[in-house]
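# Per-entry structural report
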Amino acid sequence: MKKKKLVYICSPYKGDTETNTKNALTYCAAAFAAGYIPIAPHVYFTRWSDDSNKKERAEGMAAGKQLLLLCSEIWVFGLDKPSKGMQEEIALAVRNGIRIYDGEIRTNRHPEMTEAARAVYHDMLVSMLNPAIDLLANSLTPIVNAIKAAGGGQGGKP
């Protein structure tokens, strides 16, 4: 039996919860048909917990994030306007090297949204990665300066 990859389905829940749940189930079906095992905590955790209860929502979000860490990919549906919870899941995926895909593109849904979603995705990644890049660059500056001072940075022989 071929081992299937786990894919995290990231999509809105709040608001029109009935429609959003139906949409998430459709996304899960598309992922399953593509050979993945979909993980959509907002579909099943909300069956026994109350998402409007702050404590239960926080516990559900924490449990969902644990499941996300088991996945090889996250498919984001609604990337052009992610909810706060979705943004947290996307950030967690970025921090942990989990591949992020626009779910609409991955499942060939709404191709007309592709460019807008890509632009939002790019802006989100840049805003999340720039602080990390700055931190890395700042921490490497003294090392680079020491190498240059030792003569190793001008192409000369050490």
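Heads up: the structure comes first, above all this text.
Residues numbered from 1 in each chain as written. Predicted model: local features only at pLDDT ≥ 70, side-chain atom pairs only at ≥ 80, totals over all residues. Heavy atoms only, no water.

### Structural notes on the overall build of the chain
Counting secondary structure elements, the chain contains 6 helices and 4 strands. Taking all 158 residues of the chain together, the buried fraction comes to 34%. Counting only contacts in the chain whose residues sit at least 6 apart along the sequence, the fraction spanning at least 24 positions is 70%. (Helix = DSSP H or I, 4+ residues; strand = E, 2+ residues; numbered from the N terminus. Buried < 20%, exposed > 50% of the residue type's maximum accessible area, 1.4 Å probe, protein only. Contact = heavy atoms within 4.5 Å.)

### Thoughts on the nonpolar core
Tyr8, Cys10, Leu68, Ile74, Val76, Ile90 and Ile100 are the most contacted members of the largest nonpolar core, which has 14 residues in total. Listed by contribution, the elements that provide at least two residues to this core are β1 (6-10), β3 (73-76) and α4 (84-95). In contact with Cys10, other than residues within four places in its own chain, are Ile74, Trp75, Val76, Phe77, Met86, Glu89 and Ile90. Listed in part, the 11 residues of the second largest apolar core include Val7, Ile9, Ala24 and Cys28. (Core = buried A, V, L, I, M, F, W, Y, C linked by side-chain atoms within 4.5 Å.)

### Examining the pattern of salt bridges
A complete count under the given rule lists 6 salt bridges for this structure. As a salt-bridge pair, Lys22 and Glu18 come within 3.5 Å of each other at their nearest N and O atoms. Residue Lys22 and its partner Glu18 are both found in helix α1 (residues 17-33); the two are separated by 4 residues, about one turn of the helix. Judged by its relative accessible area of 52%, Lys22 is exposed. Assessed through its relative accessible area of 55%, Glu18 is described here as exposed. Lys55 serves as the salt-bridge partner of Glu59, at 3.6 Å between the closest nitrogen and oxygen. Placement of both Glu59 and Lys55 in helix α3 (residues 54-68) is noted, with a separation of 4 residues, approximately one turn of the helix. The class of Glu59 is partly exposed, set by a relative accessible area of 46%. With a relative accessible area of 59%, Lys55 lands in the exposed category. (Salt bridge = Lys/Arg side-chain N within 4 Å of Asp/Glu carboxyl O.)

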